[in-house]
Amino acid sequence: MKLIRLHQPLVFLTLLISVTSLAQNNLPQLGKSSVAEVVKAMTLEEKAKMLVGFGFHVPGLPAGLLPPTDPADDSIKDKVPGTSGRLHGVNRLGIPILTVADGPAGVHIWSFDEGPQQTYATAFPNATLLASTWDTALISQLGGAFGNEAKEYGIDIVLAPAMNIQRNPLNGRNFEYYSEDPVLSGNISAAMVKGVQDEGVGVSVKHFVANNAETNRTQLNTIVSQRTLREIYLRGFEITVKKSNPWTIMSSYNKVNGVYTSESKDLLTVILRKEWGFKGFVMSDWFGGNDAVAQINAGNNLLMPGNFNQTKAIISAAKHDSIPGKQLDQSVEQILNIIMLSPTFKYYHYTNNPDLAAHALISRTAAAEGMVLLKNEENSLPFKNGSVVALYGNSSYDIIAGGTGSGDVHRKYTVSLIDGLVNSGFKTEEGLSNLYKQYIQSEKAKQPKPSIMTIMNPPPPIKELKVPDSLFSSSLAHADIAVFSIGRVAGEGRDRKVEDDFNLTDEEKNIIQKLSTTLHAQHKKLVVVINSGSVIETASWRNYADAILLAWQPGMEGGNAMADVLTGKVNPSGKLPETFPVTYADVPSAKNFPGKETGEKPPKTASSINFAKPSVVTYEEGIYVGYRYYSTFNVKPAYAFGYGLSYSKFSYGDLKLSSEAFHDQLTATVTISNTGEVAGKEVVELYLTAPAGKLDKPSIELKGFAKTKMLQPGTSQKISIVLNPKDLASFDTDKLAWIADAGNYIVKMGASSEDIKLSKSFTLAKELVVEKVAKAMAPQVVINELKPGKK
Ligand code: BGC
């Protein structure tokens, strides 16, 4: 009898009967028998296929570009067409096929036809905006909506969150990542995982680890010290794994110190499982790594999207014992343990009809909460009631909701800024708006239709409209205030450039200057909105603007959320999770990004889809990433990590430490008061300055944070943040241990990394060996790491 796992109740009943009769035939069944018994009943072929995915169908991709798939898979119908792939099942043992879909900005179900059968999903704001909320409760709520949507579309695991460190502002995928800081990144990510998994859907936390550039990403060898890896690049993943138990982790494309992460036993078994206690399974990134056998032996359980060569290689290796039987069985068991948690295993009756309206509302709320007000001279914002707005900049009319590549979301609509303002009852200067709309419509008509090619190779941005002089003058004469939007899109597969991307184009600079001069002569204000998923240069032009709102890439409700903040319906409370440097040259990794080609030939078996050339990058800046660098080396940023304004004002008072000496834990408490005139929320950041010991230390490091509730003017809230032993420790490579030096520690409560409001010290009487670890992922070469005081 053939068993098919379907979802209708009738089939469910038949299935139950079938399962029972099979069980009676003494065949173990997943969920009824022990996992070990199920694995024991599997053939070698079945085990091998469990470790190799299938079902990644890309319409329009030239034949032969991808490695061959298992012909037996061709007859298996897609459960949810347009997702990134599936896991094999074994019907006779009650193991269902699971479906995975991208994130991280929402459920990504590919569709290039404009038919009525579209599966639209909610495009949430980009990850960096989410981290800018510094609000873990909100992120869990949004994760709940994301997970629920996935579940209602029949998906078991979302390929999210993505949490690589924003090492350099030019990384094309920074928009998918949270922060330059591992504590912020790890906690926001853990909140997201919790939200999704509480819905009964799994996550795949990616890309593990040090995948910090897109150029040659599948052939990039990252040379990095053990300390830097542990303190910066692994730390956020560690926090997420320990706090939120993700079902799966996705290894990255790159190598670390000469070994592909998906082939690194040090990373996937020693660190992830043994040291951190990870209980789920690891999947590779799509076509990542090079050697299926090495991947399985390293502890990379599942090879995605899977090809026939891999299945054959695993079978042959198992026969010849180059994959030990125990390793093979353990890999399968770890996958089966997760399958049992999945909606498909539980016969969840998905509706294909998630509450998109409710999720859109969450998307809008989060978007407004994560926007960062960078400048607001003379209370230029919020707009005065009844103001007529002259709306400049293409992206005011065609906002950039998110980035490109797998992290894109097939959404039904995107609310533009003009629509958001109109929805809020504001008027825009009509002649100007009409010209922009016509221009964008006609330019878009010239662009290629969306396809797999445009997803990975989006057309260049539409050139900024040159507004005729007469309209320029009349629009500003009629309007009360003007907005200019700067739009930036980036995405998977390529990094950004300095010129005309990180830096403004000449045209953008000209418009800002001209608008500023003309408006100021009429005593009117210029507001600049930055609609970018990543950092741009601001220092050279910010003096021309009266107010600057960093809207990031705010998702499909973006225009409404921008309008909420610009009009004062929402008081901004977002703060920067990433430093805005004065110039690109100030970035500590500028001379080591994205890496250099080695001139070697790419390995033959590597997937041809990535067209990458062997390259190498050395993380010479070491632990001095982001504000750790700017604060320690006294380099003034344009806008500091943790910075963001409000329409209100907050005072910090009464900092208390639970003890003057550190024992097992210490709590810092501070009272935040709203001393302004409107209700608002404040993000409170706890930085720690550790005593100088054997190791060099950054001058400050974020160790905790909290966001107040909505504080009415004149009201206060006590905020408490707990410090644990590991928060005091640095990684000592010689001793292979996290060690907290004895001495004086300073707790610094700040409104940003550069705006410390209150400090208080405590002491640690004796050196504390917080944790001993294994030697793992050590570089084979000497790294000339940056240190304070060293040339
Ligand atoms: C990306 C992953 C993504 C996967 C599946 C890869 O190219 O790097 O982030 O989850 O594709 O779409």
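Residues numbered from 1 in each chain as written. Predicted model: local features only at pLDDT ≥ 70, side-chain atom pairs only at ≥ 80, totals over all residues. Heavy atoms only, no water.

Q: Please explain the packing of helix α5 (residues 136-152) against helix α6 (residues 182-197) as it appears in this structure.
A: The description of two packed helices rests on the angle between their axes and on the distance between the axes. Put simply, α5 and α6 touch, their axes get as near as 6 Å, and they point 40° apart. As the angle between them shows, α5 and α6 are arranged oblique. As for how α5 packs across α6, the hand of that crossing is right-handed. Between α5, through Thr136, Ile139, Ser140, Leu142, Gly143, Gly144, Phe146 and Gly147, and α6, the contact on the second element is made entirely by Asn187, Ile188, Ala191, Met192, Lys194, Gly195 and Val196. For the contact of α5 with α6, the class distribution of residues is seven nonpolar, seven polar and one charged. (Axes fitted to C-alpha atoms, helices over the stretch in contact; angles between N-to-C directions. Helix = DSSP H or I, 4+ residues; strand = E, 2+ residues; numbered from the N terminus. Parallel < 35°, antiparallel > 145°, perpendicular 65-115°, else oblique. Left-handed = near helix turned anticlockwise from the far one by under 90°. Contact = heavy atoms within 4.5 Å. Nonpolar A, V, L, I, M, F, W, Y, C, P; charged D, E, K, R; others polar.)

Q: Explain α5 here, please?
A: Helical geometry note: an α-helix holds 3.6 residues per turn, so side chains three or four residues apart project in the same direction. The first and last C-alpha atoms of α5 sit 24 Å apart over 17 residues, in line with the 24 Å expected at 1.5 Å per residue. Counted residue by residue, α5 has 13 buried out of 17 residues, so it is predominantly covered. At the N-terminal boundary of α5, the capping side chain belongs to Asp135, with an oxygen 3.2 Å from the backbone nitrogen of Ala137. Gly154 lies just past α5 and shows a positive phi near 85°. (Expected span 1.5 Å × (residues − 1). Buried < 20%, exposed > 50% of the residue type's maximum accessible area, 1.4 Å probe, protein only. Polar contact = N/O pair within 3.5 Å; in protein donor to acceptor, adjacent residues only side chain to side chain.)

Q: Looking at this model, I keep getting lost on the pattern of salt bridges. Mind explaining?
A: Where charged atoms from two side chains of opposite charge come close, those side chains can pair. Using the criterion set out here, one finds 45 salt bridges in the structure. Residue Arg217 pairs with Glu492 through a salt bridge whose shortest N-O separation is 2.9 Å. Here Arg217, found in the loop between β4 (202-208) and β5 (220-223), pairs with Glu492, found in the loop between β13 (481-488) and α19 (498-502); they are 275 residues apart in sequence, far enough to count as distant. Neither Arg217 nor Glu492 differs from the other in exposure class; each is buried. The residue Glu685 makes a salt bridge to Lys575 at a minimum N-O spacing of 3.9 Å. Highlighted residues: Glu685 in strand β20 (residues 683-689) and Lys575 in the loop between α21 (558-566) and β16 (596-597), separated in sequence by 110 residues. The same class applies to Glu685 as to Lys575, namely buried. Residues participating in the shared-partner salt-bridge network are Arg173, Glu176, Glu214, Arg217 and Glu492. (Salt bridge = Lys/Arg side-chain N within 4 Å of Asp/Glu carboxyl O.)

Q: Any chance you could explain the side chain of Lys524 here in plain terms?
A: Assignment of secondary structure puts Lys524 in the loop between α20 (506-521) and β14 (525-532). Buried and without a salt bridge, Lys524 has Asp480 as its closest oppositely charged side chain, separated by 5.9 Å. At 3.2 Å, the side chain of Lys524 and the backbone oxygen of Ala477 are in polar contact. A distance of 3.1 Å separates a polar atom in the side chain of Lys524 from a polar atom in the side chain of Gln522. With near-sequence residues (within four places) excluded, Lys524 lies in contact with Leu476, Ala477, Ala479, Asp480, Leu519 and Asp546. (Lys, Arg positive; Asp, Glu negative; His and termini not counted.)

Q: Which parts of the structure should I look at to understand the side chain of Asp181?
A: With respect to the helices and strands, the residue Asp181 is situated in the loop between β3 (157-159) and α6. A polar side-chain atom of Asp181 sits 2.8 Å from the main-chain amide nitrogen of Val183. In this structure, Asp181 is in contact with Ile165, Tyr627, Arg628, Phe641 and Leu702, ignoring residues within four places of it in sequence.

Q: Help me understand the site of the ligand, please; the structure alone is not making it clear to me.
A: Residues in close proximity to the ligand total 13 residues, the closest being Asp102, Arg173, His207, Asp285 and Glu492. One of the side-chain nitrogen or oxygen atoms of Tyr253 is found 3.0 Å away from an oxygen atom of the ligand. Within the side chain of Glu492, an N or O atom sits 2.4 Å from an oxygen atom of the ligand. For the ligand, whose free accessible area comes to 310 Å², the fraction covered by protein is 95%. Partitioning the shell around the ligand into residue classes produces four nonpolar, three polar and six charged. (Near = heavy atom within 4 Å. Areas by Shrake-Rupley, 256 points an atom, 1.4 Å probe, with all protein chains shown as cover.)

Q: When you look at the confidence of the model for the chain in this model, what are you seeing that I'm missing?
A: Caution is warranted with low-pLDDT regions, since their predicted coordinates should not be read in detail. Overall, the prediction assigns the chain a mean pLDDT of 94, with 95% of residues at 70 or greater. With pLDDT under 50 throughout, residues 1-22 is counted as low confidence; its partners more than four residues away or in other chains account for 34 contacts. (pLDDT = per-residue confidence, 0-100.)

Q: Looking at this model, I keep getting lost on the sheet that holds strand β11 (residues 388-392). Mind explaining?
A: Reading across the sheet, the six strands line up as β10-β15-β14-β13-β11-β12 and stay open at both edges, with mixed pairing between neighbours. On the outer flanks of this sheet lie β10 (372-376) and β12 (427-428), each paired with one strand and no other. As paired strands, β13 and β14 are joined by eight bridges and run parallel to one another. Within β14, the residue paired with Val483 across the bridge is Val527. Along the sheet face, helix α16 (residues 430-445) touches β11 and β12 and points at about 25° away from the line of β11. (Pairing = 2+ DSSP bridges.)

Q: For this particular structure, what's the right way to read the sheet that holds strand β7 (residues 255-256)?
A: Backbone-to-backbone hydrogen bonds pair the strands of a sheet. The strands run either parallel or antiparallel. In space, the five strands of this open sheet follow the order β8-β7-β5-β17-β16, with mixed pairing throughout. The two strands at the open ends of the sheet, each matched to only one other strand, are β8 (259-260) and β16. In this structure, β16 lies alongside strand β17 (residues 615-618), joined through two bridges in antiparallel fashion. Bridging across to β17, Lys596 finds its partner in Val616.

Q: What is the right way to look at the pairing of β17 in this model?
A: In summary, the side chains of a regular strand alternate between the two faces of the sheet. In β17, alternate side chains face the same way, and those of Ser615 and Val617 are buried while those of Val616 and Thr618 on the opposite face are not. Inspection of the sheet shows β5 paired to β17 by four bridges, in the parallel sense. Counted as the bridge partner of Asn221 is Val616 from β17.

Q: Explain the nonpolar core here, please?
A: Generally speaking, soluble globular proteins have nonpolar side chains that are buried together. Phe208, Val209, Phe383, Tyr392 and Trp541 are the most contacted members of the largest nonpolar core, which has 150 residues in total. When residues in this core are grouped by element, the largest group, seven residues, is from α6. Each residue touching Tyr392, except ones within four places of it in the same chain, is listed here: Leu432, Tyr436, Val467, Leu471, Phe472, Ser475, Leu476, Val483, Phe484, Ser485 and Leu515. Counting residues in hydrophobic clusters, the runner-up holds 49 residues, among them Val90, Trp247, Ile296 and Ile314. (Core = buried A, V, L, I, M, F, W, Y, C linked by side-chain atoms within 4.5 Å.)

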